[in-house]
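A look at the structure
Below are the chains, spelled out letter by letter.
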Amino acid sequence: MIKVENLHRHFGAFRAVDGASLEIAKGSITGLVGPNGAGKTTLFNVIAGALQPTSGRVVMDGEDITGLPPHELFHKGLLRTFQIAHEFSSMSCRENLMMVPGAQSGETLWSTWFGRKRIAEEERALKAKADEVLDFLTISHLADHPAGAISGGQKKLLELGRTMMVDAKIVFLDEVGAGVNRTLLNTIADTIVRLNTERGYTFCVIEHDMDFIGRICDPVIVMAEGKKLAEGSLADIKANEQVIEAYLGTGLKNKEQVG
Amino acid sequence: MDFVNAIVALTNFVLIPAMTYGSQLALGALGVTMIYGILRFSNFAHGDTMAFGTMVTILFTWLFQSWGISLGPLPTALLAIPFGIAGTALMVLATDRVVYRFYRAQKAKPIIFVMVSIGVMFVYNGVTRIILGTDDIRFDDGERFIISAGDFKRATGLAEGLGLKTTQAITVITAIIVVVALFWFLNRTRTGKSMRAYSDNEDLALLSGINPERVVMVTWLIVAGLITIAGVLYGLDKSYKPFTYFQLLLPIFAAAIVGGLGNPLGAIAGGFVIAFSEVGLTYAWKKVLGYAMPEALEPSGLVQLLATEYKFAVSFMILVVVLLFRPTGLFKGKSV
Amino acid sequence: MNQTVKTYALFALVGVLILMTGLFQSWDYALKLVAMGLVSAIMALGVNLQWGIAGLFNVGVMGFVALGGMAVVLTSVQPVPEAWSAGGVRALLALVIGAVVVAASVVVYKRTRSALMLVALLVAGFVLYRWVRDDAVNAIEAVNPAATGYLGGLGLPVVLAWPVGGLLAAGAAWIIGKTALGLRSDYLAIATLGISEIIIAVMKNEEWLTRGVKNVNGLPRPMPYEIDLQSDPAFIDRAANWGLDPTSASTLYVKLGYVGMFAVVLVILLVLAQLALNSPWGRMMRAIRDNETSARAMGKDVTFRHLQVFILGSAICGVAGAMMTTLDGLLQPTAYQPLRYTFLIWVMVIVGGSGNNFGAILGGMLIWFLWIQVETVGPELMVWATSALPDGSALKMHLLESVQHMRLLTMGVILLLVLRFSPRGLLPER
Amino acid sequence: ESHASEAKIGIMLGFTGPIESITPMMADSAELALTEVNDSGQFLSGVTLVPVRADSTCVDPAAATAAAERMITSDGIVALMGADCSGVTGAVLSNVAVPNGIPMISPSATSPALSDAEDNGMFFRTAPSDARQGAVLAEILAEKGITEVAVTYTNNDYGKGFADAFAENFDGTITLSSPHDDGKADYSAEIGALASAGGEALVVLGYTDQGGKGMIQASYDTGAFDTYVMGDGMYGDTLFSELSDALEGSYGTIPWAEGEGADAFAKITEGAGFDASSSYTRESYDAAALIALAMMKGGEVSSEAVAANIMDVANAPGEPILPGELGKALEILAEGGDIDYVGASGVEFIGGGEAAGSYRHYNVVDGATETVEFK
Amino acid sequence: MSGGGNPYQDDRGNHDASITKPGAGGSVDPTRRSGPVIEGSGGPFLIGDSMTGGYGKGPDILHDCTIAVDRGEIAVIVGPNGAGKSTAMKAVFGMLDVRSGAVRLDGADITQLTPQDRVKHGMGFVPQTNNIFTSMSVEENLEMGAFIREDDMQQTMEQVYTLFPILRDKRRQPAGELSGGQRQQVAVGRALMTQPKVLMLDEPTAGVSPIVMDELFDRIIEVARSGISILMVEQNARQALEIADKGYVLVQGANAHTGSGKELLANPEVRQSFLGG
Ligand SMILES: Nc1ncnc2c1ncn2[C@@H]1O[C@H](COP(=O)(O)OP(=O)(O)OP(=O)(O)O)[C@@H](O)[C@H]1O
Ligand SMILES: Nc1ncnc2c1ncn2[C@@H]1O[C@H](COP(=O)(O)OP(=O)(O)OP(=O)(O)O)[C@@H](O)[C@H]1O
Ligand SMILES: CC(C)C[C@H](N)C(=O)O
Ligand SMILES: [Mg+2]
Ligand SMILES: [Mg+2]
């Protein structure tokens, strides 16, 4: 689905992504883990067009998409969510969803003036779809709430919901779990799995919570110092010495002495 | 000899004026940059505050002159500057108390402060005009020249003169002193560091026990000082007129932004970039080339890149070009 | 108070203010205020589109307004044949060369990324441009400099100048937008400020184009001249029917005509703006304003949308500028001062209520009214304020003499009061 | 709604804006003339002249026309003394004065373009067109045998028109004619270019407390030029005394009549409490006086009377009238006599309400002026 | 527009760096002044007692919420997102108004104190986000932590460097260039420089890799052992509760469960609803 070839992204002399090559298989939920500063977010940003690569290629379904701007990637079905929820806070949850689909005729000025009827029809369809998604996410009671005033976890659900408004092919999730209550995280995990099975989305997930990774991801890719360090099932990874040393560690040293 | 003449002409018509004007802009830009860095907004009232500070200084200068106090060869206004600063400080602190403080308490977004500063600009604009009128005022006294162009010619026997005014020397020297002092203050003193901390992260500054209102007050005090000094030096060198001070706002902003907003070093560099581009890019090289080139090659035209009527436009062109290639300005805007 | 009621109330207030002006001062004066108020409202509408809807801080309103003014001369003034034959074609050729050089430089730089090439191209192009231009310009400017000395315009009806003004402003906005918005939108303010100064500098100094600082007087009007009406028997008859003397009838007639035309333009623009705002387009713009990064990731071309809104807003300012110059009957480049054409328009938008088209219109009408009326109210205020002082005291004399400066002071105080008690303007966005 | 015993005269000048520093004196001068008329008690059986001030802003035609509209249609002025700057004057003239039939006399709008304005007989000016002054200035230089000068002018219709007129008449080389913008912070760039171009003298066609002053100062500071040739806008005692060193040996022209009128004006303004030697005070006084005299001549308070009689009272034949003699003039007019108003600036109208313009050629000596001759 | 109801917070998404400085401003009213401290004694070392309150004029977020920690103890707050954990921490630190309830430190009522004055009374706080001065060097960050101290801070700085050795290597580097985990260490170090008697940490391990998280927990235990009370919010609830002397479960701004860390871990309802089973 996505193939990253020898990708580099440097900040001055610093090589945040330093020749990473990896592949994300179609239909998989691929986990991406690695120590802080390994370059995971940077890699995401480069793939999703938010940053330009220094060198290297990103290929999606055989098509070179290196350096395309985010809005064009969106129309190719490549979506991403943010580590910190990026909702449109002054708009209602429903509007947050309704604004997502591209190619709405109501977004060209001309038709706002001379194509009112068509817009009205489209809007009806969009609204129905948005309500369906809200239902799916079990937050339909929040439809008219300003998105800025819902809880953090609900915002994350809304982020996922936005990917459902269009026919996404691949969705990149950056630390959905950070700071999210574990119970809610389980709900999100279930949603991801459902999207994967019911709608055929491919996922790539950055996360530091091994339970979460274990629950949904196969395979898992480990990054360190801007490169791929290892790849395999979570069990393989957990057994990998290099990974333990760079990332996982051996657990709390002092916990027995306290409490 | 011709070569010396060329150098002298260039110094006289480009280097010295641009240095002086650059220093004046730099001092103004320092004030803009301090407010931007610490209080987070661009202060549109800057030009008019400058006029206010100069006005207070002028009033004190007149008072001293009426008492017969003078500084000999130096302008009396130098003696009045501390009082001018005090007056301006009172004014800006009062403004802060009456106007800005409310918005701080509301945690208003910086953009609101920008708009408020436009309001303050209008008010100051009116106030200075009501108090001292709109006339052009000269308030320099003492010796005007360290060496005048005529004296220089006589003394050296060169064909070209070189004039150096007292005020030009004072301006450049003061600018250097002020800049060094400001640097030392911001980077070495506790208060200075606390200001940088506040500028970096307000909440965290609070959690380190820094009193935010004190930082704001000190900032305004420094700004009052910078603004008054800049205004008085400019007024001594040229003259005082509220309208011109308002107009100064544009080159000052250009200077601060070219240099990199928020960075004191940038403000200095920006001031000189703007001044030198205004004076240098529109300079007619005829005279200098006439001296420097052999007879046969002497230019017949003016050898002027751009007519002077576009000098103002030039500084903005440079600004835009700098921003295109170095989006954060010459110096990254982060020190304050 | 409910927002709709408030809207009606505030507009009614402006109406009453104007009515009072008509009753207690004069109807001519009141209509004049309305006419310029409408023009100001259109400018405010343009700025509101940029700032209120898209959060783009345009401090170069003056430049776009001036371009509108320039359009009036270029469109409606009769051409000067002598000037054209003296060097018109060559001057235009020079302009084309200039444009080609800049475009070529951009393309070459984008291809090669070589600064050296860029500079070489620009310098060579500049020399060529000056070489073609200078003779032509000198020749044109030498043609009867006291009366013409420029190419003149196309001699078309002056109303056509309004859309042309919009187009000129849009063109300039496109260039600014491409440079400032295309690379980073975070220096738009200073870029617009600078470029508006550049526009004014060009207008002042390129005499062959619009006569520069020598001004163009007596521009064609869309309304008949009052003195012609005054000597038109049919009009005098009609005036008599209305019970008016020919002079006041003619001045009122002409002013009403302007007010009518301006109102039509304002209503058209307002309707278009409202339709756009209350549609998916408006929703998208709000989303972009809310969170650019996210909007981008949701497939919205933020840069393009910013450019679009910036161009539209500027074009509206250009139209208003052309209307204003038509009303003045005079193009005077030195008249364009940032305080009046940039900051005052901003005051209108802020006071009116950014993000709300009706707010912008209210602000435009109200602030223009105050800007003009403060001139008379200011002195009275000052007399009142100083009434406690003894007559003939130096302070009182001094204060009374400086009343003219109450105008700026009052504007500032109004702005501060509104920002304090209703920071989102008198008619906030929803 | 003007009372029979009161006649309102508009005084429209740029009290705010770029020439805000010279307008108060101009207004005071005009009001001085009105006061003089009122005090004489001779005016149209006790009608009082009431000045109404308005702000022309000098640069904003919209604000200026609105203010004029107010004065005419609301305050009910009969005639307008103003406006000051040529641009707004043109706008007010065509948009407000002509449509309403209100005559205006500008004391200072000197742009040559105004000579051809469609004025329907409503426009007069007490300051002569710069077309004439350009010729006078060129003549003086020719007499002095100066053949190479640099020119700097204020970048507006006045400066540009003036510079054009000068260039047309000057019989030598102009090394560089470069505009300067008023109210700018720094003029060293302009001086640098002019100095490089060179010339025996610098012709300065600007304003006395604006860029013109800045240019002279910058030139003096760098020693670029030693001699300055100044147009009318540069005339001002403050300038001469403040820059006395720089201006020693310089000279200029100013619309001014031979001796008497100006002296008389200086005398009556001595105790007036304002600086009457500043630019265009004389012309302002004369403009206001002419309005009153024309009304007296017409025998009624009306705009028509002003428009119809100005040329008559301003020109010969008749008894010459100086500043301070308005009472006498009213008396003569009341008796049906004829006057020839000379006033402070030696008023003489040629066709179309243009001041013929007599100019004083002065030298600056020790920070003050010395008359060389009148032209 | 993140301002919600506050009209002064509407910046229309302005990004223009030539007129306003980008980056978040503060969230606390800087103009407030401290009220009096009412002396007293007894009770836990630090207690936020039945606090009720919210942000600005908005609705109450805390409802009669009580949090306390004793000398040398570790107290951990857990709960779903948006429960008000961070809010409770801020309330204890005086960063928002409590409408009723009190905060007592060592028995003295400090409810009226501003945050900067609470620092002087021996409290230290590491917020959840934005917890370092990014433009200042690591060393300057630590110096700022010691801003209120008049005495020699060199020794404390040594202690911090011993605790977090990596910081010594990076002490001249701008803190903004450090990785996430290193930043957290700087943040905790800065708070320690005030020599607090009580240290409050808001999710110190969020977004931190497992190895760094273990490291941080280790350090926190060490700090507690040196006699400093620790009050922290954690989403890695199981690890956190394992080392906690006391645990609070907050739901919708109110105390839902309270007990020792072990008790809460053992409580099936807590496990099910808040710890993810
Ligand atoms: N804009 C930037 N300028 C300079 N350095 C940067 C920039 N963005 C990221 N870096 C550096 O690049 C490295 C990789 O950062 P990145 O955010 O990709 O890490 P990450 O793997 O996502 O880590 P974490 O798990 O902590 O989120 C870090 O050392 C970071 O400091
Ligand atoms: N600055 C603020 N202004 C207004 N409301 C806020 C603010 N910060 C948080 N809130 C609201 O207060 C409630 C509690 O937020 P808080 O940050 O305390 O939750 P939390 O328990 O720390 O959650 P998390 O685990 O996600 O950090 C939420 O509903 C949130 O929307
Ligand atoms: C008031 C004067 C300085 C005006 C000038 N003579 C002009 O015509 O613009
Ligand atoms: Mg990351
Ligand atoms: Mg929290």
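Keep in mind that what you see is a predicted model, and the values were worked out from it rather than measured.

1. Digging into the coordination of the magnesium ion (ligand 5)
Residues and elements named next belong to chain E. With distances of 1.9 to 2.4 Å, the protein atoms coordinating the magnesium ion (ligand 5) are Ser 86 (OG) and Gln 128 (OE1). Of the two residues, Ser 86 sits in helix H1 (residues 85–92) while Gln 128 sits in the loop between strand S6 (123–126) and helix H3 (138–145), which places them 42 residues apart along the sequence. According to the relative accessible area criterion, Gln 128 is partly exposed, its value standing at 30%.

2. Description of the site of ligand 2
Around ligand 2, the surrounding shell holds 14 residues, and the nearest of these are Asn 81, Gly 82, Lys 85, Ser 86 and Thr 87 of chain E. Near ligand 2, the surrounding residues belong to chains A and E. Interatomic distance of 2.8 Å between a backbone N/O atom of Lys 85 of chain E and an oxygen atom of ligand 2. Between ligand 2 and Gln 128 of chain E, the relevant distance is 3.4 Å, taken from an oxygen atom to a side-chain nitrogen or oxygen of the residue. Protein chains bury 64% of the 640 Å² of accessible surface belonging to ligand 2 in isolation. Looking at the shell around ligand 2 residue by residue, the class counts come to 4 nonpolar, 8 polar and 2 charged.

3. A word on helix H4 (residues 110–132) of chain B
All names here are of chain B. The first and last C-alpha atoms of H4 sit 32 Å apart over 23 residues, in line with the 33 Å expected at 1.5 Å per residue. Burial within H4 is extensive, with 22 of its 23 residues counted as buried. With its phi angle positive at about 75 degrees, Gly 133 sits one or two positions after the end of H4.

4. Focus: the site of ligand 1
Within the structure, ligand 1 sits among 13 residues, and Asn 36, Gly 39, Lys 40, Thr 41 and Thr 42 of chain A are positioned closest to it. Positioned at a junction of chains, ligand 1 has nearby residues supplied by chains A and E. Interatomic distance of 2.5 Å between a side-chain N/O atom of Thr 42 of chain A and an oxygen atom of ligand 1. Residue Glu 175 of chain A places a side-chain N or O atom 3.5 Å away from an oxygen atom belonging to ligand 1. For ligand 1, whose unbound accessible area comes to 630 Å², protein coverage reaches 68%. Elements supplying a minimum of two residues to the shell around ligand 1: strand S2 (14–24) and helix H1 (40–47) of chain A.

5. A word on the interface of chain E and chain A
Often the size quoted for an interface is simply the accessible area lost on bringing the parts together. Taken together, the contact between chain E and chain A spans 32 residues of the former and 34 residues of the latter. Together, the buried faces of chain E and chain A total about 2400 Å²; carbon and sulfur atoms form 48% of this surface. Counting across the chain E and chain A interface gives 1 salt bridge. Here Asp 211 of chain A and Arg 238 of chain E are joined by a salt bridge, their closest N and O atoms 3.9 Å apart. Scanning the region where chain E abuts chain A turns up 1 residue pair in polar contact (both at pLDDT 80 or more). Counting only elements with at least two residues in the side of chain E that touches chain A, the list comes to helix H6 (180–193), helix H7 (210–225), helix H8 (237–243) and helix H10 (268–274) of chain E. Per element, the largest residue contribution to the side of chain E that touches chain A is 9 residues, and it comes from H7 of chain E.

6. Digging into helix H3 (residues 77–105) of chain B
Given 3.6 residues per helical turn, the α-helix brings residues three or four places apart onto the same face. Of all the bends in H3 of chain B, the greatest, near 45 degrees, is centred on Arg 97 of chain B. With its phi angle positive at about 55 degrees, Lys 107 of chain B sits one or two positions after the end of H3 of chain B.

7. Things to note about the sheet that holds strand S7 (residues 173–180) of chain D
Residues and elements named next belong to chain D. Strands sit in the order S7-S6-S8-S9-S10-S15-S16 across an open sheet of 7 strands; the sheet is mixed. Strand pairing shows two members of the sheet lacking a second neighbour, S7 and strand S16 (368–374), which therefore form its edges. Within this sheet the neighbouring strands show an average axis-to-axis angle of 25 degrees, counted without direction. Here strand S6 (residues 148–154) runs beside S7; their pairing, made up of 6 bridges, is parallel. Residue pairing in the sheet places Thr 152 in a bridge with Ser 178 of S7. Here helix H5 (residues 157–169) sits on the sheet in contact with S6, S7 and strand S8 (201–205), set at roughly 160 degrees to S6.

8. Comments concerning the layout of surface pockets
Estimated volume of the second largest pocket: approximately 1300 Å³. What lines the second largest pocket is a set of 47 residues, among which Glu 401 of chain C together with Pro 24, Met 25, Asp 28 and Arg 53 of chain D lie closest to the centre. Only H4 of chain B, helix H16 (357–385) and helix H17 (394–401) of chain C together with helix H1 (23–40), strand S2 (48–55), helix H2 (61–75) and helix H8 (237–242) of chain D provide two or more residues apiece to the lining of the second largest pocket. Of the residues belonging to the lining of the second largest pocket, the class tally is 15 nonpolar, 14 polar and 18 charged.

9. Considering empty space enclosed by the protein
Under the counting rule described, the total for this entry stands at 19 cavities of 30 Å³ or more. Each pocket or cavity is described by its volume, and for the largest cavity that value is around 700 Å³. Looking at the largest cavity, it is lined by 46 residues, and the ones nearest its centre are Lys 204, Thr 334 and Gln 337 of chain C together with Asn 155 and Asp 182 of chain D. At the level of elements, helix H10 (242–259) and helix H13 (311–325) of chain B, helix H7 (188–205) of chain C together with H5 and S7 of chain D are the ones that each hand at least two residues to the lining of the largest cavity. In terms of residues, the lining of the largest cavity owes the most to one element, H7 of chain C, which gives 6 residues. Looking at side-chain class alone, the lining of the largest cavity contains 22 nonpolar, 14 polar and 10 charged residues. Estimated volume of the second largest cavity: approximately 270 Å³. Taken together, 19 residues line the second largest cavity, and the ones lying closest to its centre are Leu 339 and Trp 371 of chain C together with Thr 16, Gly 17 and Thr 57 of chain D. Elements with a minimum of two residues in the lining of the second largest cavity: H4 and H10 of chain B together with helix H15 (338–352) and helix H18 (406–421) of chain C. In terms of residues, the lining of the second largest cavity owes the most to one element, H15 of chain C, which gives 3 residues.

10. Here's the deal with the arrangement of the chains
Where 7 pairs of chains are in contact, the pair with the most contacts is made of chains B and E. Structurally, chain A and chain B remain out of contact, their C-alpha atoms never closer than 14 Å. The smallest C-alpha distance separating chain D from chain E is 22 Å, and no contact links them.

11. Considerations on the domain arrangement of chain C
All names here are of chain C. Domain annotation for chain C reports domain 1 (3–79 + 152–421) and domain 2 (80–151). Using C-alpha coordinates to define each centre, domain 1 is positioned 32 Å away from domain 2. Every contact between the two is made by 14 residues of domain 1 and, on the other side, 16 residues of domain 2. Counting the surface lost from both domain 1 and domain 2, the interface buries some 1100 Å², and carbon and sulfur atoms represent 54% of this. For Glu 206, the salt bridge is made with Arg 133, and the minimal N-O distance between the two is 2.4 Å. In terms of residues, the side of domain 1 that touches domain 2 owes the most to one element, helix H8 (residues 207–210), which gives 4 residues. Each residue belonging to the side of domain 1 that touches domain 2 can be placed in one class, and the counts come to 6 nonpolar, 4 polar and 4 charged.

12. Quick look at the pairing of strand S9 (residues 220–224) of chain A
Residues and elements named next belong to chain A. With respect to burial, S9 is a largely interior element, 5 of its 5 residues being buried. Here S9 shows no split at all, with Val 220, Val 222 and Ala 224 on one side and Ile 221 and Met 223 on the other all buried. With 3 bridges joining them, strand S3 (residues 29–33) and S9 adopt parallel strand pairing. By the bridge assignment for S9, Leu 32 is matched with Ile 221. Of the strand pairs in this sheet, S9 and strand S10 (residues 227–232) are connected by 5 bridges, and their pairing is antiparallel. Residue Ile 221 lies in a different strand from S10, and its bridge partner there is Glu 231. Adjacent in sequence and paired antiparallel, S9 and S10 are bridged by 2 residues, among which Glu 225 carries a positive phi angle near 50 degrees.

Rules behind the numbers
Residues numbered from 1 in each chain as written. Chains lettered and ligands numbered in written order. Predicted model: local features only at pLDDT ≥ 70, side-chain atom pairs only at ≥ 80, totals over all residues. Heavy atoms only, no water. Donors = N, O, S within 2.8 Å, 3.2 Å for Na, K, Ca; no water. Helix = DSSP H or I, 4+ residues; strand = E, 2+ residues; numbered from the N terminus. Buried < 20%, exposed > 50% of the residue type's maximum accessible area, 1.4 Å probe, protein only. Near = heavy atom within 4 Å. Polar contact = N/O pair within 3.5 Å; in protein donor to acceptor, adjacent residues only side chain to side chain. Areas by Shrake-Rupley, 256 points an atom, 1.4 Å probe, with all protein chains shown as cover. Nonpolar A, V, L, I, M, F, W, Y, C, P; charged D, E, K, R; others polar. Expected span 1.5 Å × (residues − 1). Contact = heavy atoms within 4.5 Å. Buried area = accessible area lost by both parts, 1.4 Å probe. Salt bridge = Lys/Arg side-chain N within 4 Å of Asp/Glu carboxyl O. Bend = angle between axes of the 7 residues up to and from the residue. Pairing = 2+ DSSP bridges. Axes fitted to C-alpha atoms, helices over the stretch in contact; angles between N-to-C directions. 1 Å grid on protein atoms, 1.4 Å probe; cavity = no way out; pocket = protein on both sides within 12 Å on 5 of 7 lines; lining within 4 Å. Points joined across faces, edges and corners; volume = space filled by probe spheres on them. Domains from an automatic or database assignment.

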